[in-house]
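# Structural overview
The chain contents come next:
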Amino acid sequence: DVKVTQSSRYLVKRTGEKVFLECVQDMDHENMFWYRQDPGLGLRLIYFSYDVKMKEKGDIPEGYSVSREKKERFSLILESASTNQTSMYLCASSFGAGRATGELFFGEGSRLTVL
Amino acid sequence: AQSVTQLDSQVPVFEEAPVELRCNYSSSVSVYLFWYVQYPNQGLQLLLKYLSGSTLVKGINGFEAEFNKSQTSFHLRKPSVHISDTAEYFCAVRKSGTYKYIFGTGTRLKVLA
């Protein structure tokens with residue numbers, strides 16, 4: 001079974017702190033994604049990576065950055081956390097071109113509260 | 001721009017009754033369609049997907065969906081729901097040739113005893 005593991009299920013941080021959310025997948029997927037989930041808004045794409053060191057901005061990249069130094073790991077960074085970044089963050093992965101089966105595989109989510 | 005509309009934000013239904021969760025999308029090109037389920041405090045899990053072929057797709061837990069190209073719909077159905085089906089359901093679309101998925105805002109299914 002594909003496993004996508006997010007390092008922290010629940011975090012509480014203070015405004016202005018730097019926050020790292022880590023995600024690891026064990027299925028050799030090329031693509032990795034970070035989404036933000038808020039009630040009534042569904043899932044919104046923050047960043048997408050299709051290869052090591054490659055990234056593309058999603059729909060709401062402001063206030064976030066990402067890092068993909070190894071194929072299996074994709075990190076989301078909040079340089080200076082703000083209260084409006086309180087949310088559920090979901091990591092996902094999928095096969096790339098040529099091996100695509102279509103679906104995303106999700107981690108359990110990281111619920112971040114910024115005070 | 002591509003969009004996905006889930007017409008009902010909440011659907012209450014009694015146990016063993018049938019249910020339909022509606023999903024419409026806007027796209028002028030070929031798309032792949034997905035339904036995901038999210039149980040409380042968990043990530044999303046794939047229920048079923050339409051990539052090509054038969055327009056009636058069967059998924060896990062007795063769910064099925066029908067792709068209707070002319071109506072740009074992909075409604076999810078189950079003939080008899082259980083309490084354990086209480087969850088939030090998301091419809092998603094991926095445009096052919098891209099890796100960007102567009103998600104609907106979700107439908108909360110509440111199964112009542």
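So, here is what we can say about the structure in this document. Keep in mind the model is a prediction, meaning the values are calculated, not measured.

Another point: the overall build of chain A. Within chain A, the secondary structure is distributed over zero helices and eleven strands. Mapped from its N terminus to its C terminus, chain A presents α and β elements in the order β-β-β-β-β-β-β-β-β-β-β. Scaling as 2.2 N^0.38, a compact globule of 115 residues should have a C-alpha radius of gyration of about 13 Å, and chain A matches this with 13 Å. Once the C-alpha set of chain A is aligned to its principal axes, its extents read approximately 45 × 25 × 25 Å.

In terms of regular secondary structure, chain B is built from zero helices and twelve strands. The N-to-C order of helical and strand elements in chain B reads β-β-β-β-β-β-β-β-β-β-β-β. With the C-alpha coordinates of chain B rotated into their principal frame, the extents come out at 45 × 30 × 20 Å. Split into buried and exposed, the 113 residues of chain B put 42% on the buried side. Here chain B has roughly 5500 Å² of accessible surface; of this, 50% comes from carbon and sulfur atoms.

This brings us to unusual backbone geometry. Here the phi dihedral of D28 of chain A falls at roughly 60 degrees; this positive angle occurs in a residue that is not glycine. Along the chain, D28 of chain A falls in the loop between β3 (19-25) and β4 (31-38). One non-glycine residue with positive phi stands out, namely E16 of chain B, at about 75 degrees. On the secondary structure map, E16 of chain B appears in the loop between β2 (10-14) and β3 (19-21).

Turning our attention to the interface of chain B and chain A. Taken together, the contact pairs 19 residues of chain B with 26 residues of chain A. When chain B packs against chain A, the two sides together hide about 1700 Å² of surface, and 53% of this comes from carbon and sulfur. Run the count over chain B and chain A and you get two salt bridges. We note a salt bridge from E103 of chain A to K49 of chain B, for which the minimum N-O separation is 2.7 Å. At the surface where chain B touches chain A, the tally comes to six residue pairs in polar contact (both at pLDDT 80 or more). Elements represented by at least two residues in the side of chain B that touches chain A include exactly β5 (31-38), β6 (44-50), β10 (87-95) and β11 (101-103) of chain B.

Reading the values: the criteria
- Residues numbered from 1 in each chain as written.
- Chains lettered and ligands numbered in written order.
- Predicted model: local features only at pLDDT ≥ 70, side-chain atom pairs only at ≥ 80, totals over all residues.
- Heavy atoms only, no water.
- Helix = DSSP H or I, 4+ residues; strand = E, 2+ residues; numbered from the N terminus.
- Rg over C-alpha atoms; globule rule 2.2 N^0.38 Å.
- Buried < 20%, exposed > 50% of the residue type's maximum accessible area, 1.4 Å probe, protein only.
- Areas by Shrake-Rupley, 256 points an atom, 1.4 Å probe, with all protein chains shown as cover.
- Contact = heavy atoms within 4.5 Å.
- Buried area = accessible area lost by both parts, 1.4 Å probe.
- Salt bridge = Lys/Arg side-chain N within 4 Å of Asp/Glu carboxyl O.
- Polar contact = N/O pair within 3.5 Å; in protein donor to acceptor, adjacent residues only side chain to side chain.

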